[in-house]
Protein chains: 2
Amino acid sequence: MRSETGNSWQAIRTEVLRRIHARDWPPGSLIPNEADLAAEFGCARTTVSRALREIAATGLIERRRKAGTRVAVAPSRRATFDIPVLRTEIESRGARYGYALISQGLDVPPPAVRAGMAVPEGARLLHLSALHLADGAPHVHEDRWIDPDVAPGILTVDLGRESANAWLVANMPYTDGSLSLFARAADAGLAERLGCVEGAALFCMERLTWIGDRAITHVQLSYAPGHRIATQL
Amino acid sequence: MRSETGNSWQAIRTEVLRRIHARDWPPGSLIPNEADLAAEFGCARTTVSRALREIAATGLIERRRKAGTRVAVAPSRRATFDIPVLRTEIESRGARYGYALISQGLDVPPPAVRAGMAVPEGARLLHLSALHLADGAPHVHEDRWIDPDVAPGILTVDLGRESANAWLVANMPYTDGSLSLFARAADAGLAERLGCVEGAALFCMERLTWIGDRAITHVQLSYAPGHRIATQL
DNA sequence: CAGTGGTCTAGACCACGGT
DNA sequence: CCGTGGTCTAGACCACTGT
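In every chain, residue numbers begin from 1 and rise along the written sequence. Ligands are numbered from 1 and chains lettered from A, in the order in which they are written. For a predicted model such as this one, the threshold for reporting local features is a pLDDT of at least 70, and the threshold for listing and counting side-chain atom pairs is 80 or more; totals across whole chains, interfaces and linings nevertheless cover every residue. Note: side-chain values were computed over all heavy atoms of the structure, leaving out hydrogens and water.

Re the overall build of chain A
The numbering of helices and of strands both runs from the N terminus, where a helix is a DSSP run of H or I of at least 4 residues and a strand a run of E of at least 2. For chain A, the count of helices and strands is seven helices and 11 strands. Atoms considered for the radius of gyration are the C-alpha atoms alone. The globule rule reads 2.2 Å times the number of residues to the power 0.38. Taken against the 2.2 N^0.38 rule, which gives 17 Å for 233 residues, the C-alpha radius of gyration of chain A at 24 Å runs more than 25% over that of a compact globule. Reported as C-alpha extents along the three principal axes, the dimensions of chain A are approximately 70 × 35 × 30 Å. Considering chain A as a whole, with its 233 residues, one finds that 48% of them fall into the buried category. When contacts within chain A are restricted to residue pairs at least 6 apart in sequence, those whose partners lie at least 24 apart make up 56%. Throughout, the Shrake-Rupley method with a 1.4 Å probe supplies accessible areas, and for residues the shown protein chains are the sole cover considered. When the accessible surface of chain A is totalled, it reaches about 11,300 Å², and 50% of it is carbon and sulfur. Charge assignment: positive for Lys and Arg, negative for Asp and Glu; neither His nor the chain ends contribute. To locate a charge, take NZ of a lysine, CZ of an arginine, CG of an aspartate or CD of a glutamate. Computed over 27 positive and 26 negative side-chain charges, the inter-centroid distance for chain A is 9 Å. Only protein chains enter the accessibility calculation, which uses a 1.4 Å probe; a residue whose area is less than 20% of its type maximum is buried, one above 50% is exposed, and one in between is partly exposed. Only heavy atoms matter for contacts: two residues are in contact if any of them lie within 4.5 Å across the pair.

Some thoughts on the protein's contact with DNA strand C
We define proximity as follows: a residue is near a molecule or strand when any one of its heavy atoms falls within 4 Å of that partner. Taken together, 23 residues lie around DNA strand C, and R45(A), R63(A), S8(B), W9(B) and T47(B) are the ones closest in. Near the protein, meaning within 4 Å, the atoms of DNA strand C are sugar or phosphate in a fraction of 67%, with bases accounting for the rest. Whenever a nitrogen or oxygen atom comes within 3.5 Å of another N or O atom, the pair is scored as a polar contact, on the condition that within protein one atom can donate a hydrogen and the other can accept it, and that pairs from neighbouring residues in sequence are kept only if both atoms are in side chains. Between a base nitrogen of DNA strand C and a side-chain N or O atom of R45(B), the distance comes to 3.0 Å. A distance of 3.4 Å is found between a base nitrogen of DNA strand C and a side-chain nitrogen or oxygen belonging to T46(B). Secondary-structure elements contributing two or more residues to the surface near DNA strand C are α3 (45-57), β2 (61-64) and β3 (68-71) of chain A together with α1 (9-21) and α3 (45-58) of chain B. Of all the elements, α3(B) adds the most residues to the surface near DNA strand C, at four residues. Each residue is assigned to one of three groups, with Ala, Val, Leu, Ile, Met, Phe, Trp, Tyr, Cys and Pro labelled nonpolar, Asp, Glu, Lys and Arg labelled charged, and all others, Gly among them, labelled polar. Across the surface near DNA strand C, the residue classes tally to three nonpolar, nine polar and 11 charged.

Focus: the pattern of salt bridges
A side chain of one charge can pair with a side chain of the opposite charge if their charged atoms are brought near each other. All names here are of chain A. In what follows, salt bridge is the name for a side-chain nitrogen of Lys or Arg lying within 4 Å of a carboxyl oxygen of Asp or Glu. Summed over all chains, the structure comprises 24 salt bridges over all chains. When the shortest N-O distance is used, the salt bridge between R87 and E91 registers 3.4 Å. Here R87 and its partner E91 are both found in helix α4 (residues 86-91), four residues apart, which amounts to about one turn of the helix. Note on E91: relative accessible area 41%, which makes it partly exposed. The salt bridge involving E89 is made with R93; its shortest N-O contact spans 3.4 Å. Since its relative accessible area comes to 13%, E89 is described here as buried. When salt bridges that share partners are traced, they join E15, R18, R19, D24 and E40 into one network.

Some points on the domain arrangement of chain A
Where each domain starts and ends follows an automatic or database-derived domain assignment. Partitioning chain A into domains gives domain 1 (9-71) and domain 2 (86-223). The straight-line distance from the C-alpha centre of domain 1 of chain A to that of domain 2 of chain A is 43 Å.

Re the interface of chain A and chain B
Across the contact, 45 residues belong to chain A and 44 residues belong to chain B. Buried area is calculated as the accessible area (1.4 Å probe) missing from two parts once they are joined, with the contributions of both summed. Counting the surface chain A buries against chain B, the share from its top three residues, R77(A), R228(A) and L233(A), is 15%. Connecting chain A to chain B are two salt bridges. Viewed at the interface, chain B and chain A are joined by 11 residue pairs in polar contact (both at pLDDT 80 or more). Secondary structure elements with two or more residues in the side of chain A that touches chain B: α1 (9-21), α3, β4 (78-82), α6 (164-171), β8 (176-185), β9 (201-211) and β11 (228-232) of chain A. In terms of residue count, β8(A) provides more of the side of chain A that touches chain B than any other element does, nine residues in total. As judged from the five bridges shared by β4(A) and strand β4 (residues 78-82) of chain B, these two strands associate in the antiparallel manner. For D82(A), the partnering residue across the bridge sits in β4(B) and is R78(B). Any two strands between which DSSP finds at least two bridges are classified as paired.

Looking at unusual backbone geometry
Residues and elements named next belong to chain B. Phi at R23 takes a positive value of approximately 65°, unusual for a residue other than glycine. The exposure class of R23 is partly exposed, given its relative accessible area of 31%. If you check the backbone angles, D135 has positive phi at about 55° while not being a glycine. Within the secondary structure, D135 sits in the loop between β6 (125-134) and β7 (137-146).

Quick notes on the side chain of R50(B)
The residue R50(B) is located in helix α3 in this model. Of the polar contacts made by the side chain of R50(B), one reaches the side chain of E54(B); its length is 3.0 Å. If near-sequence neighbours (up to four positions away) are discounted, R50(B) is found in contact with R53(A) and W9(B).

Side note on the protein's contact with DNA strand D
Near DNA strand D there are 23 residues, and of these S8(A), W9(A), T47(A), R45(B) and R63(B) occur at the shortest range. At a separation of 2.6 Å, a phosphate oxygen of DNA strand D approaches a polar backbone atom of W9(A). A44(A) has a polar backbone atom sitting 2.8 Å from a phosphate oxygen of DNA strand D. Secondary-structure elements contributing two or more residues to the surface near DNA strand D are α1 and α3 of chain A together with α3, β2 (61-64) and β3 (68-71) of chain B.

Things to note about the relation of the copies chain A and chain B
All copies are superposed by least squares; the fitting set is the C-alpha atoms of residues with a pLDDT of at least 70 in both. For the match of chain A to chain B, the screw axis carries a shift of 0.0 Å, the RMSD comes to 0.1 Å, and the turn is 180°. Expressed as a symmetry operation, the mapping of one chain copy onto the other fits a two-fold axis. Of the residues that chain A buries at the interface, 98% are likewise interface residues in chain B, meaning the two copies contact each other through the same surface.

Some thoughts on the sheet that holds strand β1 (residues 30-31) of chain B
All names here are of chain B. Taken in spatial order, the three strands make up an open sheet running β1-β3-β2, and their pairing is antiparallel. Looking along the sheet, the strands with just one partner apiece sit at the ends: β1 and β2. Note on definitions: angles span 0 to 180 degrees between N-to-C directions of axes, and those axes are lines fitted to C-alpha atoms, for helices only across the stretch in contact. Sitting on the sheet, α3 touches β1, β2 and β3, and the angle it makes with β2 is about 120°.

Examining the pairing of β6(B)
Residues and elements named next belong to chain B. Of all 10 residues making up β6, 10 are buried, and the element is well covered by its neighbours. Summarising the sheet, strand β5 (residues 97-107) and β6 pair through 10 bridges and their orientation is antiparallel. Paired with G98 across the bridge in β6 is L133. Bridge count for β6 against β7 is nine bridges, and the pairing is antiparallel. For L131, the partnering residue across the bridge sits in β7 and is H141. Hairpin connection, β6 to β7: the antiparallel pair is bridged by two residues, and D135 has positive phi, about 55°.

Next up, the structure:
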């Protein structure tokens, strides 16, 4: 019963996926172990291992030593998004990228930001507000806090010319970060800056990045109404 | 100059990441090839390959045959989200999961849905509206269209008892899908069902799944105000 | 304890793509 | 062309964990 589907790990992945979708191996069932599959496909166990590892990374199967490999019952699948670099995102749509600094100063951050960045109460951080433009139209509003103790060089940069983000990615590679996505209504200031009505539903992204155990920056991006991010499953 | 950081691929990954963050290998630079690194770390080339492949998957380095491996200049990093299974998501917060079917019927879908699912004009699809509850409070509103030609069994299911999603994941494993995230304002109907004010900004997720070249279902999930999804970078 | 996945090795050949 | 990453092999040992 040699299938001889081919001996590349991708071919094996395809065949395994086919069997799962065809319900040869229904949800919850145990699939043959690596050695048996290797024998069936006529390849090395390493190759089967690679194929199954890639499938497991998508959440469709679950693997445990001794217990074997099982088809996930409720496949809580994983999706991968590219975190957009704004300039690239805008230019890839054929639009001209623009950046406009709105304000800049040393302020005491609001409690939510202060807690997220774990800075002492009363500490002052560099606070920026800026717009990213596509063909001159507001595309994203950026509200950013930067700890100047962690990234001292930022104070010497002319942030009207170079975006803080560009400077940071080039000079302060982070070691850890978190990202969250949510929706919020446009307040009066955002509505004016983004050119939308007050109360409009905005898609927002909040990022917090660290170097070791020190927070570098907290940024909230608010997209103009209608923005979506998409991915394949 | 043997580093002897250890010979596991994870140790090598850690060391390579350290060098990138330490700017030993600044953005845009070429790092040594696999063979050289293997010699330096005193391990097989396969092991180095594995470590670099894992890093490349995060977008921090870019690899091309002959050109070698380069530290990404604008690390358009990738983030991975677990697509939540609603029941699991709610129960993992310690809340009781509830499901309430609001309406069900065969309707002609709106143009956007029809185009996304590539069904003929005028075709009727199964249309569901339901709420997912956490401790009895509305958590997510689900608006779903299902093509009964592709998933005929769905018509025999009592959708008041079993959620359409549960039936589909168990009986109609998809081969392809797309997912998009966006924000929208609550209309009157959603506001009433979710118990929020009309116009509230809602975080929404739209999924479209296929078996081969036929669309199974289109679903839009609208979360009650305040919902976020988060991930590590 | 024993079965299973996880990993490492040394070597080989191949595919891509810059020069 | 030929250097580089991509993959495969056969075998080995190890780590975890269910029984």
